[in-house]
Amino acid sequence: KDSSSTTRTAYGGVRVTKDGWEIKCNVDYSKPCQSLRSVGRKASEYIMQFVGEDNIAAYAAVCFEQMLQREQQLEHEFCVFYHSFNGAALLYEVQAEIARCAFGLPDQFAPLPRIFASHFQGV
């Protein structure tokens, strides 16, 4: 280990901060959720790539892990949003989900383009 490094790799490939906090993100890929549709089986690697290497990174990785777990628990009853949508964007998401269901597309299928190419009216 380089003495200037802020992390080290522990047994099993888990990164550990200089203060001993584990930086890991375990994802259950057997359960579907909206966030896994676009990144698929590389979600945990993607999170680990960008989360950082300090104690805050350890906390952030756990937050992402819990976010995905909660989203998987709610998958069949709710649609989870992580940011504010304007009316048009929300309609797009609803239309994409209806189209996915109507055409029997798999959960991991990426969001579809808008069904209607006209302006949103009467919203």
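Residues numbered from 1 in each chain as written. Predicted model: local features only at pLDDT ≥ 70, side-chain atom pairs only at ≥ 80, totals over all residues. Heavy atoms only, no water.

Describe the confidence of the model for the protein chain, and please don't skip the residues or the numbers.
Low pLDDT means the predicted atomic positions in that stretch should not be read closely. For the protein chain, the average pLDDT comes to 78, and 72% of its residues sit at 70 or higher. Segment residues 1–5: pLDDT under 50, and two contacts once partners within four positions in sequence are set aside and those in other chains are kept. (pLDDT = per-residue confidence, 0-100. Contact = heavy atoms within 4.5 Å.)

Give me the lowdown on a nonpolar patch on the surface, citing residues and values where you can.
A contiguous nonpolar surface patch, about 330 Å² in accessible area, is contributed by F81, L90, V94 and I98. Tracing the backbone through its elements, the reader meets L90 in helix α4 (residues 87–102). (Patch = residues over 30% accessible without salt bridge, like charges linked within 9 Å, V, L, I, M, F, W, Y side chains within 5 Å. Areas by Shrake-Rupley, 256 points an atom, 1.4 Å probe, with all protein chains shown as cover. Salt bridge = Lys/Arg side-chain N within 4 Å of Asp/Glu carboxyl O. Helix = DSSP H or I, 4+ residues; strand = E, 2+ residues; numbered from the N terminus.)

Can you explain the pattern of salt bridges? Please cite residues and give values.
Enumeration over the complete set of coordinates arrives at two salt bridges. A salt bridge links E22 to K24, with the shortest nitrogen-to-oxygen separation between them at 3.4 Å. Classification of E22 as partly exposed rests on a relative accessible area of 41%. One salt bridge in this structure joins D28 and K31, with 3.9 Å as the shortest N-O distance. Among the residues examined, K31 registers a relative accessible area of 44% and is labelled partly exposed. (Buried < 20%, exposed > 50% of the residue type's maximum accessible area, 1.4 Å probe, protein only.)

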